[in-house]
Amino acid sequence: MKEFVKFFLIWYSQQMAIPFWVLGHVHLHFADYATLHEYLASLVMHLMVAVGFWLDWKQSKKKP
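This report concerns the structure included in the present document. Every chain's residues receive numbers from 1 upward, in the order its sequence appears when written. Whole-chain, interface and lining totals are the exception, using all residues; otherwise, since this is a predicted model, local features are given only for residues with pLDDT of at least 70 and side-chain atom pairs are given and counted only at 80 or more. To obtain the side-chain values, all non-hydrogen atoms of the structure were used and water was disregarded.

1. Quick look at the overall build of the protein
Quick reminder of the rule: Counting from the N terminus, the helices are DSSP H or I runs at least four residues long and the strands are E runs at least two residues long. Burial classes: relative accessible area under 20% of the type maximum marks a residue as buried, over 50% as exposed, and values in between as partly exposed (1.4 Å probe, protein chains only). Contacts between residues were defined by any pair of non-hydrogen atoms, one from each residue, lying within 4.5 Å. Where accessible areas are quoted, they stem from the Shrake-Rupley method and a 1.4 Å probe; at the residue level, only the protein chains shown are allowed to cover.
Along the backbone of the protein there are two helices and zero strands. Per-residue burial for the protein yields a buried fraction of 19% across its 64 residues. Of the contacts made within the protein by residues no fewer than 6 positions apart, 88% connect residues no fewer than 24 positions apart. Summed over its atoms, the accessible surface of the protein is roughly 5400 Å², and 72% of this surface lies on carbon and sulfur atoms.

See the structure below:
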């Protein structure tokens, strides 16, 4: 299960990075974050992308 979670986080970060950081910035300027739920959801999704990048970076260092 641990390997699947690592695979998922890497896949997720590679698929969602561009939508979060290109389109997400436009959304942040127009969205009204009035609830804690929206803040937490955004934070968790960005953390998942960051962790996935970190795991992918660690794996790429092991390859010759």
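2. With respect to a nonpolar patch on the surface
For the record, the criterion: Patches draw on residues past 30% relative accessible area with no salt bridge. Two like charges within 9 Å are joined, as are two nonpolar side chains (Val, Leu, Ile, Met, Phe, Trp, Tyr) within 5 Å. A pairing counts as a salt bridge when a side-chain nitrogen of Lys or Arg comes within 4 Å of a carboxyl oxygen of Asp or Glu.
A surface patch of nonpolar side chains, amounting to about 690 Å² of accessible area, comprises Met1, Phe4, Val5, Phe7, Phe8 and Trp11. Looking at where Trp11 falls in the secondary structure, it is placed in helix α1 (residues 2-30). On the accessibility criterion, Trp11 (42% relative accessible area) is partly exposed.

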